[in-house]
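The primary structure of each chain is shown beneath.
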Amino acid sequence: MKRIITYGTYDLLHYGHINLLKRAKDLGDYLIVGLSTDEFNTNAKNKKTYFPYEVRKQLLESLRFVDLVIPEENWEQKKTDIVKYEADVFVIGDDWAGKFDELKEFCEVVYLPRTPEISTSKIKSDLGINSSNQKE
Ligand code: C2G
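Keep in mind that what you see is a predicted model, and the values were worked out from it rather than measured.

How each quantity is defined
- Residues numbered from 1 in each chain as written.
- Predicted model: local features only at pLDDT ≥ 70, side-chain atom pairs only at ≥ 80, totals over all residues.
- Heavy atoms only, no water.
- Near = heavy atom within 4 Å.
- Polar contact = N/O pair within 3.5 Å; in protein donor to acceptor, adjacent residues only side chain to side chain.
- 1 Å grid on protein atoms, 1.4 Å probe; cavity = no way out; pocket = protein on both sides within 12 Å on 5 of 7 lines; lining within 4 Å.
- Sits in = over half its atoms within 2 Å of the grid points.
- Helix = DSSP H or I, 4+ residues; strand = E, 2+ residues; numbered from the N terminus.
- Nonpolar A, V, L, I, M, F, W, Y, C, P; charged D, E, K, R; others polar.
- Expected span 1.5 Å × (residues − 1).
- Contact = heavy atoms within 4.5 Å.
- Phe/Tyr/Trp six-rings, centres within 6.5 Å; stacked < 30°, edge-to-face > 60°.
- Lys NZ or Arg CZ within 6 Å of the ring centre and 35° of its normal.
- Core = buried A, V, L, I, M, F, W, Y, C linked by side-chain atoms within 4.5 Å.
- Buried < 20%, exposed > 50% of the residue type's maximum accessible area, 1.4 Å probe, protein only.

## Examining the site of the ligand
- The local shell around the ligand holds 21 residues, among which Lys47, Glu72, Asp95, Thr115 and Ile118 are the closest.
- Lys47 is positioned with one of its side-chain polar atoms (N or O) 2.6 Å from an oxygen atom of the ligand.
- One of the backbone nitrogen or oxygen atoms of Thr115 is found 2.7 Å away from a nitrogen atom of the ligand.
- Applying the majority rule of atoms within 2 Å of the grid points places the ligand in the largest pocket.
- Where the shell around the ligand is concerned, the elements lending two or more residues are β1 (3-8), α1 (15-26) and β4 (89-93).
- Ranked by residues supplied to the shell around the ligand, first place goes to α1 with three residues.
- For the shell around the ligand, the per-class residue count stands at seven nonpolar, eight polar and six charged.

Printed below as a string of structure tokens:
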């Protein structure tokens, strides 16, 4: 069984996220998603999410190609996660290209092309939602 691991915030889940997760799963048999916690988003990623962790987790778990969702609480946990969950491949979008090459010591590292035309910030701006009136 080939095990794949990836990480992200996955807030306002959209088809760019789905494309990434689907392609990640297609690289193996079992897909683990490290989902950024609310605290990690606020304190380290400077991201204000619309949905809290539990809702974002529920949405990901409802996807047939996601097998396990674990909390991502810090930048450093990837190495221990790869060992703990016996991941064979680390996958992430190519906006991170090169940033996680140190993981090649532990598993294969794959950067997949992002879906270029969609992003959460684009959705919010198209809906006329700006950061000032974002949900606290
Ligand atoms: N993504 C994509 N196409 C988009 C938007 C996102 O392929 N149009 C991918 C990203 O490259 C990432 C995943 O979908 O692999 C989740 O995106 P985000 O929630 O924005 O993840 P990010 O904030 O980049 O968090 O430790 C790693 C970080 O937690 C990654």
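## Thoughts on unusual backbone geometry
- Here Asn46, not a glycine, exhibits a phi torsion of approximately 50 degrees, which is positive.
- With respect to the helices and strands, Asn46 occurs in the loop between α2 (38-43) and α3 (53-61).
- A positive phi is found at Glu86, a non-glycine position, where the angle reads about 50 degrees.
- Assignment of secondary structure puts Glu86 in the loop between α4 (78-84) and β4.

## With respect to α1
- When the terminal C-alpha atoms of α1 are compared, their 16 Å separation across 12 residues agrees well with the 16 Å that a helix rising 1.5 Å per residue should span.
- Where the residues of α1 are buried, they touch β1, β2 (30-36), α3, β4, β5 (108-112) and α5 (120-126).

## Topic: the packing of aromatic side chains
- Under the counting rule described, the total for this entry stands at six aromatic pairs.
- An aromatic cluster is present here, built from Tyr7, Phe40, Trp75, Phe90, Trp96 and Phe100 joined pairwise through their rings.
- Stacked on the ring of Tyr30, the Lys or Arg Arg3 has its end atom at 4.6 Å from the ring centre.
- If you follow Lys78 out to its NZ or CZ, it ends over the ring of Tyr7, 4.9 Å from the centre.

## Some details on the nonpolar core
- By size, the foremost hydrophobic cluster in this structure holds 18 residues, and its most contacted members are Tyr10, Leu21, Leu31, Val33, Leu60, Val66 and Val91.
- Mapped by element, the contributors of at least two residues to this core are α1, β2, α3, β4 and β5.
- Among the nonpolar cores identified, the runner-up in size contains 13 residues, and Ile5, Ile32, Phe100 and Cys107 belong to it.

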